[in-house]
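Residue strings, one per chain:
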Amino acid sequence: MKQDRMAPFLKNGKSMLLAYDQGLEHGPSADFNDRNVDPAMIMETAAKGGFNGVVFQKGTAERFYDGKVPLIVKLNGKTSLPKGEPISRQVCSVESAISLGAKGVGYTIYLGSGYEAEMLSEFGKIQEEAHEKGLPAIAWIYPRGAAVQNDTSSEIVAYAARAGLELGADAVKIKYTGDSKTFSWAVKAAAGVRVFMSGGPKAPTDEDFLRQVKGVMDAGATGLAVGRNVWQNEEPLVMAEKLKKIIFTDSGPANK
Ligand code: FBP
């Protein structure tokens with residue numbers, strides 16, 4: 001078997017990552033309250049909640065990363081202010097990420113955007129450099145833009161997963177299709193690339209979210225890279241326990 005660069009982020013082949021780059025992507029007023037606006041609260045949740053990794057932009061990592069869980073630094077980002085076709089450019093180098101303590105790097109590709117080519121090319125360079133340095137390149141692959149009618153259709157989600165394989169990603173972070181059967185096609189299309197579900201806005205109830213997670217794991221995914229559904233919860237650590245039970249206990253084998 002090929003070397004698994006995702007190993008630092010896995011436990012028994014599965015994983016639960018805590019994402020916290022929403023302050024840049026959405027702005028603080030959209031997602032944060034008095035508690036979770038503080039990155040120290042997220043770092044503590046990641047450590048106490050038993051997360052297998054935490055995702056920060058470089059500025060947050062520099063000030064708040066304390067080494068208690070493995071770090072993924074997001075190398076590109078954008079705000080929610082520009083309108084039109086989405087593009088997210090590189091704002092951090094692989095080297096800087098490593099100097100901040102990263103054991104993996106992340107990059108968002110808006111598949112289908114009019115600027116897709118720029119992001120594919122930038123990710124290509126990052127992926128090569130990350131691999132030279134022994135780090136996994138994790139692709140957030142979000143189909144988006146005028147050409148994309150439905151970003152959670154089974155066809156488009158599987159397309160995103162497959163693109164991750166062909167681009168050399170070690171893991172892909174994709175949206176849930178809404179049911180386990182269609183999501184399992186995306187996992188198959190990824191052909192061994194580790195599949196993580198992206199959380200999305202907080203679900204109406206904990207049960208709604210946990211049902212999604214069960215569907216994702218039953219489909220053979222590796223796990224979750226989730227933010228709002230954890231740190232917007234009244235009890236993030238209780239939610240983390242429930243997630244771990246599904247990911248590490250109830251679910252079948254991960255996709256590799
Ligand atoms: P959430 O679980 O909060 O959705 O976080 C996952 C994530 O990919 C973040 O890393 C990122 O900030 C956000 O979703 C992007 O969301 P959007 O779909 O609005 O671009």
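Everything numeric here is computed off the predicted structure, so don't read it as measured data.

**Q** Pulling in residues and values, what's your account of the overall build of the chain?
**A** Each helix and strand in the chain was counted, giving 11 helices and 10 strands. Computed over C-alpha atoms, the radius of gyration of the chain comes to 17 Å, within 12% of the 18 Å expected from 2.2 N^0.38 for 256 residues, which places it in the range of a compact globule. Buried residues in the chain amount to 55% of all 256 residues. Considering only contacts in the chain between residues 6 or more positions apart, those separated by 24 or more positions represent 70%. Distance between charge centroids for the chain: 3 Å, based on 31 positive and 30 negative side chains.

**Q** Which residues make up the nonpolar core, and what values go with them?
**A** F183 and L243 are the most contacted members of the largest nonpolar core, which totals 85 residues. With residues near it in sequence (within four places) discarded, F183 still touches V157, I174, K175, Y176, T177, V195, V216, A219 and A221.

**Q** Explain the environment of R89 residue by residue, including any values.
**A** As for its placement among the helices and strands, R89 is situated in strand β5 (residues 89-90). Judged by its relative accessible area of 42%, R89 is partly exposed. Taking the C-alpha atoms as reference points, R89 and V105, 16 residues apart in sequence, are found 14 Å from one another.

**Q** How would you explain the site of the ligand if you had to name every residue and give the values?
**A** Surrounding the ligand, one finds 16 residues, the nearest of these being D21, H26, Y142, K173 and R228. Here R144 contributes a side-chain N or O atom positioned 2.9 Å from an oxygen atom of the ligand. The separation between an oxygen atom of the ligand and a polar main-chain atom of G199 is 3.4 Å. In the complex, the protein chains occlude 92% of the 470 Å² of accessible area that the ligand would expose alone.

Rules used throughout
- Residues numbered from 1 in each chain as written.
- Predicted model: local features only at pLDDT ≥ 70, side-chain atom pairs only at ≥ 80, totals over all residues.
- Heavy atoms only, no water.
- Helix = DSSP H or I, 4+ residues; strand = E, 2+ residues; numbered from the N terminus.
- Rg over C-alpha atoms; globule rule 2.2 N^0.38 Å.
- Buried < 20%, exposed > 50% of the residue type's maximum accessible area, 1.4 Å probe, protein only.
- Contact = heavy atoms within 4.5 Å.
- Lys, Arg positive; Asp, Glu negative; His and termini not counted.
- Charge placed at Lys NZ, Arg CZ, Asp CG, Glu CD.
- Core = buried A, V, L, I, M, F, W, Y, C linked by side-chain atoms within 4.5 Å.
- Near = heavy atom within 4 Å.
- Polar contact = N/O pair within 3.5 Å; in protein donor to acceptor, adjacent residues only side chain to side chain.
- Areas by Shrake-Rupley, 256 points an atom, 1.4 Å probe, with all protein chains shown as cover.

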